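Remarks on the overall topology
Chain residues, written in single-letter form:
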Amino acid sequence: MLANDRKKIILAELHSKGSVTIDDLCDLTDASVSTLRRDLNELEELGRLIRVHGGAEPISSIPKEPSIYEKNSINVREKLEIANIAVTKVNEGDVIFLDAGTTTGMMIEGLLELEKSFTVVTNSATHASKLISDKITVYIIGGIIKKLTDAVVGSYAIQQISQFNFTKAFIGANAISAGNISTPDIEEANIKRTACEQSAQTYILADKSKFNQVSFVTFAKVADVEIITNTNKE
């Protein structure tokens, strides 16, 4: 059986059953386990499915993005652990980009306690207002405020971010899978992507619930960033 035919069968099974196992696919296609694993990996790279242990699941049902108020009550302990690790990455004289979001927001208390002087550029009005300090120079990006997530987005915001050269960027993410880092909203993805491009070092802040998940828009590759996650098991 040709590879394209096998992949059509895989996707058809996903559509009808909601998930597939490699054992079931072996019976359906008469292909070897190694061949089907390769097929599944290739389909995941194309964004057609999510690989899970022993098989695959569909990505057609992309979860709705929760509001910032909902996110504030999710995985609080894990986010705080991640934020505390991220703060240790900030050095004297750094120019950092601080992404809008709850995990990056949890960095603020630690940043204010640092005995260092540095500059913060952020696309969150809430973050900017909390960062006022004699030691921290704060720039807030202008543009359209996305009320759901408190993020400033739009072409004007991207234009401004493109003018900065960051030593470090701290970026939130909704999903990490198959070497890709993604988020539900294309406008926020464009902001995150631009900040990554303008930064010498990018840190992605994501608790373990974000792994093996796929969201709507990819904005970075795992190979190009450093991921900060929690050590505690979910």
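Residues numbered from 1 in each chain as written. Predicted model: local features only at pLDDT ≥ 70, side-chain atom pairs only at ≥ 80, totals over all residues. Heavy atoms only, no water.

Here the focus is the sheet that holds strand E1 (residues 20-21). Across the sheet, which stays open at both edges, the three strands sit in the order E1-E3-E2 with antiparallel pairing between neighbours. If you trace the sheet from one side to the other, it starts and ends with E1 and strand E2 (49-52), each paired once. The pairing of E1 with strand E3 (residues 55-58) spans two bridges and is antiparallel. In the strand pairing of E3, Thr-21 is matched with Gly-55. Strands in contact with helix H3 (residues 33-45) are E2 and E3; relative to E2, the strand with the most contacts, it is inclined by about 135 degrees. (Pairing = 2+ DSSP bridges. Helix = DSSP H or I, 4+ residues; strand = E, 2+ residues; numbered from the N terminus. Contact = heavy atoms within 4.5 Å. Axes fitted to C-alpha atoms, helices over the stretch in contact; angles between N-to-C directions.)

Reading across from one edge, E10-E11-E13 is the order of the three strands in this open sheet, with antiparallel pairing throughout. One side of each edge strand has no neighbouring strand; the edge strands of this open sheet are strand E10 (175-177) and strand E13 (217-221). Averaged over all pairs of adjacent strands, the angle between their axes in this sheet comes to 30 degrees, without regard to strand direction. For strand E11 (residues 180-183) and E13, the ladder comprises four bridges, and the chain directions are antiparallel. Residue pairing for E13: Thr-183 is matched across the bridge by Val-217. This element, helix H10 (residues 186-197), spans E11 and E13 of the sheet and lies at about 15 degrees to E13.

This part covers the nonpolar core. Grouped together as the largest cluster of nonpolar side chains are 25 residues, with contacts concentrated most on Phe-97, Ile-161, Ile-171, Ile-181, Ile-204 and Phe-219. Only strand E8 (151-153), helix H9 (155-161), strand E9 (168-172), H10 and E13 provide two or more residues apiece to this core. The leading source of residues in this core is H10, at four residues. The residues touching Ile-161, leaving out its near neighbours within four places in the chain, are Phe-97, Ile-141, Phe-166, Ile-191, Thr-194, Ala-195 and Gln-198. (Core = buried A, V, L, I, M, F, W, Y, C linked by side-chain atoms within 4.5 Å. Buried < 20%, exposed > 50% of the residue type's maximum accessible area, 1.4 Å probe, protein only.)

Relative to the helices and strands, Lys-135 is located in the loop between helix H8 (125-130) and strand E6 (136-140). Lys-135 gets classed as partly exposed once you look at its relative accessible area, which sits at 25%. Between the C-alpha atom of Lys-135 and that of Met-1, which follows or precedes it by 134 residues, the distance is 66 Å. Of the polar contacts made by the side chain of Lys-135, one reaches the backbone oxygen of Leu-114; its length is 2.6 Å. (Polar contact = N/O pair within 3.5 Å; in protein donor to acceptor, adjacent residues only side chain to side chain.)

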